[in-house]
Amino acid sequence: MNIEKIYSKINNQLLHQIVRFSDISSGRINLSDDDKYIQCAVLNLPKGHTFKPHKHNINKINDDNYIPQESWCVIKGSVKCIFYDLNDAIIAEPVLYAGDASFTYAGGHNYLILEDNTIVYEYKTGPYQGQKIDKTFI
């Protein structure tokens, strides 16, 4: 699978990632690296496939370097992403279409909706503590 990865020009840290719907193949593909707080996989499975019933355990994570991370998945329409490097310089401006997804692990971002009635699922790591704690505006 072709996953577009956008690295900082300052320290080569992975900041952003784009997954295109057209690149999804069969089976399960983990999209985010195991060390990222936001985890995502894409599953393209045949009819009748099932999983063992399960539940998830409570895990405590103590990490002084925790940073909220965010993902957008475009359901309908299109969105221009404006991705920023660690020094707030624009580093990439990809356009997402229906079925595409973006992931922001670090650095800044902004989004420009390109079509009326664009629908996006937004995923973030939590818990959300409000803009004063969670965000610094560029």
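As the structure is a prediction and not an experimental result, all values here were calculated from the model.

1. Looking at the sheet that holds strand E1 (residues 3-7)
Point 1. The sheet built from five strands is open, its strands ordered E1-E2-E9-E5-E11 with antiparallel pairing. Two strands bound the open sheet, and with one partner strand each, they are E1 and strand E11 (119-124). Strand-to-strand twist of the sheet, defined as the mean angle between neighbouring strand axes without regard to direction, takes the value 15°.
Point 2. Pairing between E1 and strand E2 (residues 14-19): five bridges, direction antiparallel. Directly across from isoleucine 3, in E2, lies its bridge partner valine 19.

2. Side note on the pattern of salt bridges
Side-chain pairs of opposite charge can arise whenever the charged atoms involved come near each other.
Point 1. Overall, the coordinates contain four salt bridges when judged by the stated rule.
Point 2. Across the pair lysine 5 and aspartate 33 runs a salt bridge, and its minimum N-O distance is 3.6 Å. With a gap of 28 residues between them, lysine 5 in strand E1 and aspartate 33 in the loop between strand E3 (27-30) and strand E4 (41-44) connect regions that are remote in the sequence.
Point 3. Ionic pairing is found between glutamate 70 and lysine 124, a salt bridge with its closest N-O pair at 3.9 Å.

3. Points about the packing of aromatic side chains
Point 1. Per the stated rule, a full pass over the model turns up three aromatic pairs.
Point 2. Geometrically, the ring pair formed by tryptophan 72 and tyrosine 111 is stacked, given 3.8 Å between the ring centres and 15° between the ring planes. Separated by 39 residues along the polypeptide, tryptophan 72 in strand E5 (residues 70-76) and tyrosine 111 in strand E10 (residues 109-113) bring together distant segments of the chain. Across this residue pair, the class does not change: tryptophan 72 and tyrosine 111 are buried.
Point 3. The ring centre of tyrosine 105 lies 5.2 Å from the NZ or CZ of lysine 36, which sits over that ring.

4. Notes on the confidence of the model for the protein
Point 1. With 98% of its residues at a pLDDT of at least 70, the protein reaches an overall mean of 89.
Point 2. Mean pLDDT across the elements of the protein ranges from a minimum in helix H1 (residues 131-134), with 71, to a maximum in strand E8 (residues 95-97), with 98.

5. What to know about the environment of tyrosine 121
Point 1. When you line up the elements, tyrosine 121 lands in strand E11.
Point 2. On the basis of relative accessible area, tyrosine 121 is assigned to the partly exposed category, the value being 46%.
Point 3. Taking the C-alpha atoms as reference, tyrosine 121 lies 5.1 Å from cysteine 73; in sequence the two are 48 residues apart.
Point 4. Every residue in contact with tyrosine 121, bar those within four places of it in the chain, is listed here: Ser71, Trp72, Cys73 and Ile75.

Calculation notes
- Residues numbered from 1 in each chain as written.
- Predicted model: local features only at pLDDT ≥ 70, side-chain atom pairs only at ≥ 80, totals over all residues.
- Heavy atoms only, no water.
- Pairing = 2+ DSSP bridges.
- Helix = DSSP H or I, 4+ residues; strand = E, 2+ residues; numbered from the N terminus.
- Axes fitted to C-alpha atoms, helices over the stretch in contact; angles between N-to-C directions.
- Salt bridge = Lys/Arg side-chain N within 4 Å of Asp/Glu carboxyl O.
- Phe/Tyr/Trp six-rings, centres within 6.5 Å; stacked < 30°, edge-to-face > 60°.
- Buried < 20%, exposed > 50% of the residue type's maximum accessible area, 1.4 Å probe, protein only.
- Lys NZ or Arg CZ within 6 Å of the ring centre and 35° of its normal.
- pLDDT = per-residue confidence, 0-100.
- Contact = heavy atoms within 4.5 Å.

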